Amino acid sequence: MARIIGIVSGKGGVGKTTLTTNLGVALSNLKRKVTIVDCNITTSHLGYHFDFFYYPKTLNQVLREEISLEEASYYHESGVRIVPASLSIEELAGVDISKLKNLNFDDSEIVLLDSAPGLGREAMSVLNACNEVIFVTLPFMNAVSDIIKCSRIVKYLGINPLGIVLNMWRKDCYELDEKDVEELTGIKVIAKIPFDLEVQKSLIYRIPTVLYNPFSPASLEINKLAAWLVGEKYTPPKGKIFFKILRLFRR
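Residues numbered from 1 in each chain as written. Predicted model: local features only at pLDDT ≥ 70, side-chain atom pairs only at ≥ 80, totals over all residues. Heavy atoms only, no water.

J.: So what's going on with helix α1 (residues 16-29)? Which residues, and what values?
T.: For α1, built from 14 residues, the straight-helix expectation of 20 Å at 1.5 Å per residue is met to within 8% by its first-to-last C-alpha distance of 20 Å. Buried residues dominate α1, accounting for 13 of its 14 residues. Immediately downstream of α1, the backbone of K31 shows phi near 70°, a positive value. (Helix = DSSP H or I, 4+ residues; strand = E, 2+ residues; numbered from the N terminus. Expected span 1.5 Å × (residues − 1). Buried < 20%, exposed > 50% of the residue type's maximum accessible area, 1.4 Å probe, protein only.)

J.: Report on the sheet that holds strand β7 (residues 160-169), specifying residues and quantitative values.
T.: Read across the sheet, eight strands follow the order β3-β4-β2-β5-β1-β6-β7-β8 without closing on themselves; strand pairing throughout is mixed. Only two strands of the sheet have a single neighbouring strand rather than two, namely β3 (74-75) and β8 (189-194). As paired elements, strand β6 (residues 132-137) and β7 share six bridges and run parallel to each other. When the sheet's bridge partners are listed, T137 is paired in β7 with L166. Set on the sheet, helix α9 (residues 217-229) makes contact with β1 (3-8), β6, β7 and β8; between it and β8 the angle comes to about 160°. (Pairing = 2+ DSSP bridges. Contact = heavy atoms within 4.5 Å. Axes fitted to C-alpha atoms, helices over the stretch in contact; angles between N-to-C directions.)

J.: How would you sum up the pairing of strand β2 (residues 34-38)? Please name residues and give values.
T.: Of all five residues in β2, five are buried, a share of seventy percent or more. Every second residue of β2 is oriented toward a common face, with V34, I36 and D38 on one face and T35 and V37 on the other, all of them buried. Direction of pairing for β2 relative to strand β5 (residues 110-114): parallel, over a ladder of five bridges. From the neighbouring strand, I36 faces β5, where its bridge partner is L112.

J.: Which residues make up the pattern of salt bridges, and what are the values?
T.: Under the defined criterion, the tally for this structure stands at 13 salt bridges. When salt bridges with common partners are traced through the structure, they connect R64, E66 and E91 into a single cluster. (Salt bridge = Lys/Arg side-chain N within 4 Å of Asp/Glu carboxyl O.)

J.: Which residues make up the pairing of β8, and what values go with them?
T.: Counted residue by residue, β8 has five buried out of six residues, so it is predominantly covered. Running through helix α6 (residues 178-185), the crossover from β7 to the neighbouring parallel element β8 is right-handed. (Right-handed = clockwise from strand over helix to strand, strands pointing away.)

J.: Kindly report on α6, identifying the contributing residues and their values.
T.: N-capping of α6 is provided by D177, with a side-chain oxygen placed 3.2 Å from the backbone N of K179. At the C-terminal side of α6, G186 shows a positive phi close to 75°. (Polar contact = N/O pair within 3.5 Å; in protein donor to acceptor, adjacent residues only side chain to side chain.)

J.: So what's going on with unusual backbone geometry? Residues and values would help.
T.: The phi dihedral of E65 is positive, around 60°, even though this residue is not glycine. Relative to the helices and strands, E65 resides in the loop between α3 (59-63) and β3. We classify E65 as exposed; its relative accessible area is 61%. One non-glycine residue, R206, lies in positive phi territory at about 60°. Relative to the elements of secondary structure, R206 occurs in the loop between α7 (197-205) and α8 (209-212). Residue classification places R206 among the partly exposed residues on the basis of a relative accessible area of 28%.

J.: Any chance you could break down the environment of Y74 for me, citing the residues and the numbers?
T.: Tracing the chain through its elements places Y74 in strand β3. Given a relative accessible area of 19%, Y74 falls into the buried group. The spacing of Y74 and P194 is 120 residues in sequence and 30 Å in space, taken between C-alpha atoms. Once residues lying within four places of it in the same chain are set aside, the contact partners of Y74 are F52, Y55, P56, K57, V80, R81, I82 and P84. At 2.7 Å, the side chain of Y74 and the backbone oxygen of K57 are in polar contact.

J.: Just give me the short version of the side chain of E175, but keep the residues and values in it.
T.: By secondary structure assignment, the location of E175 is in the loop between β7 and α6. One buried charged side chain, E175, makes no salt bridge at all; its nearest oppositely charged neighbour is R170, positioned 5.1 Å away. Engagement of the side chain of E175 in a polar contact is seen with the backbone nitrogen of R170, the distance being 3.2 Å. A distance of 3.0 Å separates a polar side-chain atom of E175 from the backbone nitrogen of K171. Aside from chain neighbours lying at most four places away, what touches E175 is P139, F140, M168, W169 and R170. (Lys, Arg positive; Asp, Glu negative; His and termini not counted.)

Everything listed here is a matter of coordinates, which is why it stays silent on function.
Written as structure tokens, this is what we have:
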């Protein structure tokens, strides 16, 4: 049976989709069968992170019961299976996102549900469909306070909160630290992803950061998180000098 993990946030703009795509690739690199589903159907952009711009069959049609889940699946070179939502406004018609919980993912080991932010219909459908959840937030009070609201719903629904990922962490004195966040939310911080310009560069090239630069600070922390999720010992990647030479030739 697949582990279905909702990647959620109370606030938009915290880097949730970027984390989801990179975590999916990192888990695939650990030989896990991973599916990522774009559950933010009103403002979908998961495909962009994998350099997908054209996908005629999408989650929208699956939820309308017009096609199967496999028909709306696309496979990235990393081995990750992606189920995108449609970019078309017209494709929102007749979509019942609450049917997400009825989809069968038994052919995957780990399913990451990339949620819409907040506690609207799309986000609640993700919570109803998952059995575990990872909260993504920034190290600021306005973002963390929204996690507190989300965590109450998660507790009410009986979902296992795996922990909080502090994203775009700069180590500045005005940021909340790990202890502050854990005291405010009552939830363990399981990763602190540092602010990393390599992430921004990878978004421009539409390549997940863990592939674009596996030695960047953000990539190392995401790979560490992936290993923790599956109970494996984290081993930092080797071959940094070779990779630097390869990047020079790419440029």
